[in-house]
Structure formats: structure tokens, C-alpha cells
Amino acid sequence: MTLNLRKEKSDFEVSEVDPISKACQEQLKLEKEIEDLESLMKAKKDLLRQNGEQIVSLMEERGVKSIKMSDGQSVDIKPFYTGSISKDNQEEAFQWLRDNGYDDIIKNQVVLKFGRAEDEKADQIYSDLASKGLDADRNIKVEPMTLKGFIREMIENGKDIPMETFGVYVGHKINIKKGK
């Protein structure tokens with residue numbers, strides 16, 4: 001069966017188009033409902049974040065790190081650490097890691113790209129590298145979770161780290177455990 005999308009408007013019967021129109025209207029309605037729910041979810045997540053920040057602030061003002069509520073729930077505030085190495089700071093950050101003996105967290109990969117009809121060349125270079133015990137690919141980076149753990153470890157052990165170079169952010173978050 002071939003669908004002719006070039007039929008003239010007058011070639012269609014209302015009974016043929018009506019179900020399509022209804023299905024399209026239902027599609028648009030569902031898309032709008034999803035959009036509204038996503039907006040509501042975003043607003044609720046923002047309120048939740050603000051409330052968490054308020055709890056942290058209230059607990060810090062009072063010098064409290066943990067409380068146990070009468071219903072058995074407990075609330076703790078814990079530090080969290082994050083950071084990122086921007087392209088602008090990459091050379092400085094890697095040099096600092098190397099100079100301070102932390103270069104083992106730097107991942108170093110070599111990647112070669114070949115165009116069409118260069119399979120033989122790629123195979124030859126790959127074989128040459130493999131025969132030398134090397135695995136070809138190159139990309140120098142520190143994995144985000146490794147960097148996060150490294151930052152946490154450095155700060156918690158009282159060691160200096162160039163905060164700006166590593167884009168360090170230290171904050172607190174709450175952890176509410178439900179009672180039994």
C-alpha cells in the first residue's frame with residue numbers, strides 16, 4: 001500500500017481525517033502536560049535545594065552538626081567537595097599535581113585519527129605501538145570523581161591545594177534519615 005501525501009484537500013473525507021486530528025490534538029495535549037510537569041519538577045527541586053540550604057544555615061548558626069527528632073528521624077550536615085579543571089587552568093593544575101607528587105591521578109591517553117582509505121596505515125601504526133607494548137590513544141585528564149575524591153582528601157587532611165586552579169567549591173548538604 002502506498003500513501004499518497006499529495007492528495008488534494010478535497011480528496012479527503014472528514015471521517016478519514018478526524019481520527020488523525022484527534023490523535024494530533026491528544027499528542028499536543030500530552031506534550032504540554034509533560035512540559036508543565038517538568039516545570040513543576042524544576043520548581044520543586046529548586047525549593048528543596050533552598051530548604052536544604054536553610055537547614056544547613058540554621059544548624060551552622062547554632063553550631064549543630066546533627067540532631068535527632070522526636071519521631072526518630074535524624075538530620076546531619078556533612079561537607080561536600082567539588083571541583084573542575086578548566087581548559088585555561090589545565091596546564092597549571094597538571095604541573096601542580098606533578099610537582100607535588102600527585103601525578104598518578106592524571107590520565108594520559110594518545111588517540112590517532114585516520115581518514116578514509118587509511119586502514120592499512122592505521123593497522124601498521126597500531127601494530128608498531130602494540131609491538132612496543134603501548135596501547136594507542138591520548139587524552140590527558142583527571143576523571144571528575146577522582147578529582148572530587150582528591151579534593152576531599154586534601155582538604156580533610158589539612159593539605160594546601162590551589163583552590164582557584166582546581167575550581168574547588170566546598171559546601172554542606174543535609175542528610176535526613178527516617179526513623180523506624
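Things to note about the sheet that holds strand β1 (residues 66-68)
Then comes step 1: Strand order across the open sheet formed by 3 strands is β1-β2-β5, with antiparallel pairing between neighbours. If you trace the sheet from one side to the other, it starts and ends with β1 and β5 (169-177), each paired once. Mean inter-strand twist for the sheet, computed between neighbouring axes without regard to direction, equals 25°.
Then comes step 2: One ladder, built from 9 bridges, connects strand β2 (residues 74-82) with β5; its direction is antiparallel. Bridge pairing links Tyr 81 to Val 170 in β5.
Then comes step 3: Against the sheet, helix α4 (residues 144-156) makes contact with β2 and β5, and its axis sits at roughly 110° relative to β2, the strand it touches most.

Concerning the packing of aromatic side chains
Then comes step 1: Counted under the stated rule, the structure contains 6 aromatic pairs.
Then comes step 2: Look at Trp 96 and Phe 150: their rings are 6.5 Å apart centre to centre, the planes differ by 70°, and that puts the pair in the edge-to-face class. With Trp 96 in helix α2 (residues 90-99) and Phe 150 in helix α4, this pair connects stretches of sequence that are 54 residues apart.
Then comes step 3: Summarising the aromatic geometry, the rings of Tyr 102 and Phe 150 are spaced 5.0 Å apart at their centres and angled 65° between planes, so their arrangement reads as edge-to-face. With Tyr 102 in the loop between α2 and β3 (107-108) and Phe 150 in helix α4, the pair connects residues that are 48 residues apart, well separated along the chain.
Then comes step 4: These aromatic residues form a ring-pair network of at least three members: Trp 96, Tyr 102, Phe 150 and Phe 166.

What to know about the pattern of salt bridges
Pairing of side chains with opposite charge becomes possible as their charged atoms draw close.
Then comes step 1: Taken as a whole and judged by the stated rule, the model has 7 salt bridges.
Then comes step 2: Taking the shortest distance from any N to any O, the salt bridge between Glu 61 and Arg 62 comes out at 3.4 Å. As far as burial versus exposure is concerned, Glu 61 and Arg 62 are alike and both exposed.
Then comes step 3: Across the pair Lys 121 and Glu 118 runs a salt bridge, and its minimum N-O distance is 3.7 Å.
Then comes step 4: Residue classification places Lys 121 among the partly exposed residues on the basis of a relative accessible area of 47%.
Then comes step 5: Residues participating in the shared-partner salt-bridge network are Asp 46, Arg 49 and Glu 53.

Remarks on α2
Then comes step 1: Of all the positions in α2, only Ala 93, Phe 94, Trp 96 and Leu 97 are classed as buried. Buried residues of α2 fall within an arc of 160° about the axis and therefore sit on the same side. In this structure, α2 carries Glu 91 and Asp 99 as exposed residues pointing more than 90 degrees from its buried face.
Then comes step 2: Immediately downstream of α2, the backbone of Gly 101 shows phi near 80°, a positive value.

Description of the environment of Ser 66
Then comes step 1: Within the secondary structure layout, Ser 66 lies in strand β1.
Then comes step 2: Filtering out sequence-adjacent residues up to four positions away, Ser 66 remains in contact with Met 59, Val 75 and Asp 76.
Then comes step 3: A polar side-chain atom of Ser 66 sits 3.5 Å from the main-chain carbonyl oxygen of Val 75.
Then comes step 4: There is a polar contact of 2.6 Å between the side chain of Ser 66 and the side chain of Asp 76.

Calculation notes
Residues numbered from 1 in each chain as written. Predicted model: local features only at pLDDT ≥ 70, side-chain atom pairs only at ≥ 80, totals over all residues. Heavy atoms only, no water. Pairing = 2+ DSSP bridges. Helix = DSSP H or I, 4+ residues; strand = E, 2+ residues; numbered from the N terminus. Axes fitted to C-alpha atoms, helices over the stretch in contact; angles between N-to-C directions. Contact = heavy atoms within 4.5 Å. Phe/Tyr/Trp six-rings, centres within 6.5 Å; stacked < 30°, edge-to-face > 60°. Salt bridge = Lys/Arg side-chain N within 4 Å of Asp/Glu carboxyl O. Buried < 20%, exposed > 50% of the residue type's maximum accessible area, 1.4 Å probe, protein only. Arc of directions from axis to C-beta. Polar contact = N/O pair within 3.5 Å; in protein donor to acceptor, adjacent residues only side chain to side chain.

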